[in-house]
Amino acid sequence: MTGRILDGKALASEIRAKVAVEAARIAKALGRPPGLAVVMVGENPASESYVRHKARSTIETGMASFEHKLPADTSQAHLLALIARLNADPAVDGLLVQLPLPAGIDSAEVLAAVDPAKDVDGFHPLNVGRLASDMPALVPCTPLGCILLAKKAHASFAGLEAVVLGRSKIVGKPLAQLLLRENATVTIAHSKTRDLPAVCRRADLLCVAIGKAEFVRGSWIKPGATVIDVGINRIVGADGKARFVGDVAFAEAVEVAGAITPVPGGVGPMTIACLLVNTLRAACARAKLPAPTI
Ligand code: GUN
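Residues numbered from 1 in each chain as written. Predicted model: local features only at pLDDT ≥ 70, side-chain atom pairs only at ≥ 80, totals over all residues. Heavy atoms only, no water.

**Student:** Lay out the packing of helix H6 (residues 141–150) against helix H10 (residues 267–287) in plain terms, naming residues and giving numbers.
**Tutor:** Closest axis-to-axis distance for the H6/H10 pair is 8 Å, and the angle between their directions is 110°. One way to sum up the angle between H6 and H10 is to call them roughly perpendicular. Once H6 is placed against H10, the crossing between them reads as right-handed. Counted together, Cys 141, Thr 142, Leu 144, Gly 145, Cys 146, Leu 148 and Leu 149 of H6 and Val 267, Met 270, Thr 271, Cys 274, Leu 275, Asn 278 and Arg 281 of H10 form the full contact between these two elements. (Axes fitted to C-alpha atoms, helices over the stretch in contact; angles between N-to-C directions. Helix = DSSP H or I, 4+ residues; strand = E, 2+ residues; numbered from the N terminus. Parallel < 35°, antiparallel > 145°, perpendicular 65-115°, else oblique. Left-handed = near helix turned anticlockwise from the far one by under 90°. Contact = heavy atoms within 4.5 Å.)

As structure tokens, then:
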């Protein structure tokens, strides 16, 4: 059997088309386009590529993009002052600080300085707590993307055994909360979990965000399970050429899974699409407009 491919590129493109329609509706009501500000500190090539893609998608969907690139030696005080300015700027509906930040900057303090109403990453402690408390919240984009892709394979998650491999604040923990909210039975596994293959084999829905290239083998997957691979790892093959692979050994896994996300073209494109949706949500909530129907 060969698993169905869950095409994140196609789904992200559908979402962006809906975002463009909603952005136009909101722009008309506000008298200005919804705006997303992205702050980046230092010169991390992966972050630069993400930030470029974010800006391009924001503009293509009819929103305003405000990019702030600061040098690696920026002080904490300078960064906090910029965040305060963007918090107070009425043209900015969404504000995110690209991670990782350079050593010497206290990321927790920076993330807590973002206005929770503009926190389109969902990393502010208030939004983290609201998600955990089943209250309306801005929710991290990558876990949202995982849920939307998994919904292409499951009409409902109620009663499913879901295993989330990885416990990061950005993906694993919020994803587990979202799955729990959708009535799945959720296990969070991680690098210290005993007998990871056996835990993974229990999963009807296996979400992997552990940051290790091709770590999950085909033999770890329950036949017919849905596999959501969050990893993006750059490896150099025997031919000396670089390529990107996920945290799941795709060629093996696709032979066992019922449905699986590819890398690239799975979760990756969904993250930015969900960021655009979060920006619309923030814009509507701030202006007391009806929430977008995406
Ligand atoms: N770095 C890697 N992923 C993310 C993300 O989702 N948001 C931000 N701000 N930085 C990241």
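**Student:** If you had to explain the layout of surface pockets to someone new, which residues and values would you point to?
**Tutor:** The space that makes up the largest pocket amounts to roughly 1400 Å³. Lining the largest pocket are 45 residues, and of these Tyr 50, Thr 142, Ile 232, Gly 268 and Thr 271 sit closest to its centre. Contributions of two or more residues to the lining of the largest pocket are made by helix H1 (8–30), helix H2 (45–60), strand S4 (94–97), H6 and H10. Element by element, the count of residues in the lining of the largest pocket is highest for H2, at nine residues. Classifying every residue of the lining of the largest pocket by side-chain character gives 23 nonpolar, 14 polar and eight charged. (1 Å grid on protein atoms, 1.4 Å probe; cavity = no way out; pocket = protein on both sides within 12 Å on 5 of 7 lines; lining within 4 Å. Points joined across faces, edges and corners; volume = space filled by probe spheres on them. Nonpolar A, V, L, I, M, F, W, Y, C, P; charged D, E, K, R; others polar.)

**Student:** I'd like to hear about the sheet that holds strand S3 (residues 64–70), residue by residue, with values.
**Tutor:** Taking strand neighbours across the sheet as the criterion, the three strands line up as S3-S2-S4 in an open arrangement whose pairing is parallel. Of all strands in the sheet, those with a lone pairing partner are S3 and S4, marking the two edges. Geometrically, the sheet is characterised by an average inter-axis angle of 15° between neighbouring strands, direction not taken into account. Pairing of strand S2 (residues 35–41) with S3 involves seven bridges; the strand directions are parallel. Its bridge partner lying in S3, Met 40 is registered against Lys 69. Strands in contact with H2 are S2, S3 and S4; relative to S3, the strand with the most contacts, it is inclined by about 160°. (Pairing = 2+ DSSP bridges.)

**Student:** Tell me about the site of the ligand, and please be specific about residues and values.
**Tutor:** In the vicinity of the ligand, the contacting residues are Leu 96, Val 97, Gln 98, Leu 99, Asp 121 and Phe 123. The backbone of Leu 99 places a nitrogen or oxygen atom 3.0 Å from a nitrogen atom of the ligand. Look at the ligand: alone it shows 280 Å² of surface, and the protein chains cover 81% of it. The cavity where the ligand resides is the largest pocket. Taken together, the residues of the shell around the ligand sort by class into four nonpolar, one polar and one charged. (Near = heavy atom within 4 Å. Polar contact = N/O pair within 3.5 Å; in protein donor to acceptor, adjacent residues only side chain to side chain. Areas by Shrake-Rupley, 256 points an atom, 1.4 Å probe, with all protein chains shown as cover. Sits in = over half its atoms within 2 Å of the grid points.)

**Student:** Could you give me a rundown of the pattern of salt bridges, with the residues and numbers involved?
**Tutor:** Counted by the stated rule, this structure contains seven salt bridges. Among the salt bridges present, the one from Glu 182 reaches Lys 151, with a minimum N-O distance of 3.0 Å. Of this pair, Glu 182 sits in the loop between helix H7 (172–181) and strand S6 (185–189) while Lys 151 sits in the loop between H6 and strand S5 (161–165), and the two are 31 residues apart along the sequence. Residue class for Glu 182 comes out partly exposed when judged on its relative accessible area of 28%. Of the charged contacts, one joins Asp 204 and Lys 222 as a salt bridge, the two residues approaching to 2.8 Å between their closest N and O atoms. Taken together, the positions of Asp 204 in the loop between helix H8 (196–201) and strand S7 (205–208) and Lys 222 in the loop between S7 and strand S8 (226–229) put the pair 18 residues apart, joining distant regions of the chain. Its relative accessible area of 31% is what places Lys 222 among the partly exposed residues. Each of Arg 32, Asp 93 and Arg 286 takes part in a single network of salt bridges with overlapping partners. (Salt bridge = Lys/Arg side-chain N within 4 Å of Asp/Glu carboxyl O. Buried < 20%, exposed > 50% of the residue type's maximum accessible area, 1.4 Å probe, protein only.)

**Student:** Go over the sheet that holds strand S1 (residues 4–5), please, and point to the residues and values.
**Tutor:** Read across the open sheet, the six strands follow the order S1-S11-S8-S7-S5-S6; overall the sheet is parallel. In this open sheet, the two edge strands, each paired with only one partner strand, are S1 and S6. Of the strand pairs in this sheet, S7 and S8 are connected by four bridges, and their pairing is parallel. From the neighbouring strand, Val 208 faces S8, where its bridge partner is Asp 229. Contacting S5, S6 and S7, H7 runs over the sheet at an angle of about 170° to S5.

**Student:** Account for the packing of H2 against H10, with residues named and values stated.
**Tutor:** Taken N-terminus to C-terminus, the directions of H2 and H10 make an angle of 50°; their axes are 10 Å apart at the nearest point. As the angle between them shows, H2 and H10 are arranged oblique. Between H2 and H10 the crossing geometry is right-handed. Contacts between H2 and H10 involve Tyr 50, His 53, Lys 54, Ser 57 and Thr 58 from the first element and Ile 272, Leu 275 and Leu 276 from the second.

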